[in-house]
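Letter by letter, the chains look like this.
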Amino acid sequence: MRPFQKADGSVNISSREYDIAYNTQIKKGQVVKIASGLVVLASATETGNILGVAAENHSGSADALNPRANGKKILVFDCPDAIFA
């Protein structure tokens, strides 16, 4: 998924850094939630507590172009009225 617009028609969708385990693998566009204080993938049947959509890849291994890739942070689109395509 990728951000499209907000429900009011504007296109300014926020993203913030959240804590994640250094070895967790998440791909950009996957739906995520918070579990035990860390970002994890949300299951397809998740009915509550969705945090948002991953705004970047977090490979869980070193990446010279993205210092967060094997770190303890990930960017997440967390705007509650965002519409994704």
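All values derive from a computational prediction rather than experimental measurement.

A.B. asks: Can you explain the overall build of the protein chain? Please cite residues and give values.
C.D. replies: Along the backbone of the protein chain there are zero helices and seven strands. Listed N to C, the secondary structure of the protein chain is β-β-β-β-β-β-β in terms of helices and strands. Taken over the C-alpha trace, the protein chain has a radius of gyration of 13 Å; the compact-globule value for 85 residues is 12 Å, and the two agree within 12%. Considering only C-alpha atoms, the protein chain reaches an extent of 40 × 30 × 20 Å along its principal axes. Across the protein chain, every contact between residues at least 6 apart in sequence was considered, and the portion connecting residues at least 24 apart equals 54%.

A.B. asks: Describe the environment of serine 10, and please don't skip the residues or the numbers.
C.D. replies: Examined against the element boundaries, serine 10 turns out to sit in the loop between strand 1 (3–6) and strand 2 (15–19). Residues serine 10 and serine 59 lie 49 residues apart in sequence; the distance between their C-alpha atoms is 31 Å. At 2.7 Å, the side chain of serine 10 and the side chain of aspartate 8 are in polar contact.

Parameters and conventions
Residues numbered from 1 in each chain as written. Predicted model: local features only at pLDDT ≥ 70, side-chain atom pairs only at ≥ 80, totals over all residues. Heavy atoms only, no water. Helix = DSSP H or I, 4+ residues; strand = E, 2+ residues; numbered from the N terminus. Rg over C-alpha atoms; globule rule 2.2 N^0.38 Å. Contact = heavy atoms within 4.5 Å. Polar contact = N/O pair within 3.5 Å; in protein donor to acceptor, adjacent residues only side chain to side chain.

That is the geometry; function is a separate question.
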